Amino acid sequence: MNNSKNIQNSKLSTDARCDAIGNPDPVSNLRPIRFYVPEKETELEKLFRIERHKVQEWNNEFWTKHNYTFRKEKEEFHKKYVTEGSKSNQSDKISVFYKDFLDRNWKTHRRYNMEWYRKNIYLSSLALRVNVSRFLRYLKF
């Protein structure tokens, strides 16, 4: 089921002195990020980078599973219900599938969104701490 590449093993440039963004994953449709590791990375910066990576993997895993399920169910629906006929008739039938899929998965989407908000609030707090730390370090030099 999981055809997506491990983000850390994807072929992204390692020469850059900043984060590198890769091409979209064919299943999750998310772009992998290779996080830049500075030479003098502090423990706080390392924690922030690791937590960002964890959130990225969690997000990629969710969308890989979700999109795999969606495509599989859509294909089954097409085989079962969408037959030759007018384009408008096919569009009507597939819109029924889309609504049904969303209705059946709304709780999953809601849980995902709540967890995504929680994780991003945590990452935002880490980002604030990292930037304040960098600013204070800058003031000392």
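Everything here concerns the structure above.
Residues numbered from 1 in each chain as written. Predicted model: local features only at pLDDT ≥ 70, side-chain atom pairs only at ≥ 80, totals over all residues. Heavy atoms only, no water.

A. Molecular detail of the nonpolar core. Formed by Leu 44, Phe 48, Val 55, Leu 123, Leu 126, Ala 127 and Val 130, the largest nonpolar core amounts to 7 residues. Elements represented by at least two residues in this core include exactly helix H1 (43-81) and helix H2 (87-140). Beyond its immediate sequence surroundings of up to four residues, Phe 48 is in contact with Leu 123, Leu 126, Ala 127 and Val 130. (Core = buried A, V, L, I, M, F, W, Y, C linked by side-chain atoms within 4.5 Å. Buried < 20%, exposed > 50% of the residue type's maximum accessible area, 1.4 Å probe, protein only. Helix = DSSP H or I, 4+ residues; strand = E, 2+ residues; numbered from the N terminus. Contact = heavy atoms within 4.5 Å.)

B. Spotlight on the packing of aromatic side chains. Following the criterion strictly, the structure yields 11 aromatic pairs and no others. Aromatic pair Phe 62 and Tyr 112: ring centres 4.2 Å apart, planes at 20°, arrangement stacked. Within this pair, whereas Phe 62 is found in helix H1, its partner Tyr 112 is found in helix H2, the two being separated by 50 residues in sequence. Comparing Phe 62 with Tyr 112, the two get one shared label, buried. For the ring pair Phe 70 and Phe 101, a centre distance of 5.0 Å and an interplane angle of 80° mean the geometry is edge-to-face. Of this pair, Phe 70 sits in helix H1 while Phe 101 sits in helix H2, placing them 31 residues apart in sequence. A network of ring pairs unites the aromatic residues Phe 70, Phe 77, Phe 97, Tyr 98 and Phe 101 as a single cluster. Against the face of Trp 58 rests Lys 119, its NZ or CZ located 4.9 Å from the ring centre. (Phe/Tyr/Trp six-rings, centres within 6.5 Å; stacked < 30°, edge-to-face > 60°. Lys NZ or Arg CZ within 6 Å of the ring centre and 35° of its normal.)

C. How the structure looks around the environment of Ser 125. Considering the arrangement of structural elements, one finds Ser 125 in helix H2. Each C-alpha atom, one on Ser 125 and one on Phe 48, is 9.5 Å from the other, the two residues being 77 residues apart in sequence. Within the local environment of Ser 125, its side chain forms a polar contact with the backbone oxygen of Tyr 122, the two atoms lying 2.7 Å apart. (Polar contact = N/O pair within 3.5 Å; in protein donor to acceptor, adjacent residues only side chain to side chain.)

D. Spotlight on unusual backbone geometry. Unlike most non-glycine residues, Asn 29 shows phi in positive territory, near 70°. You can see Asn 29 is positioned in the loop between strand E1 (20-21) and strand E2 (33-34).

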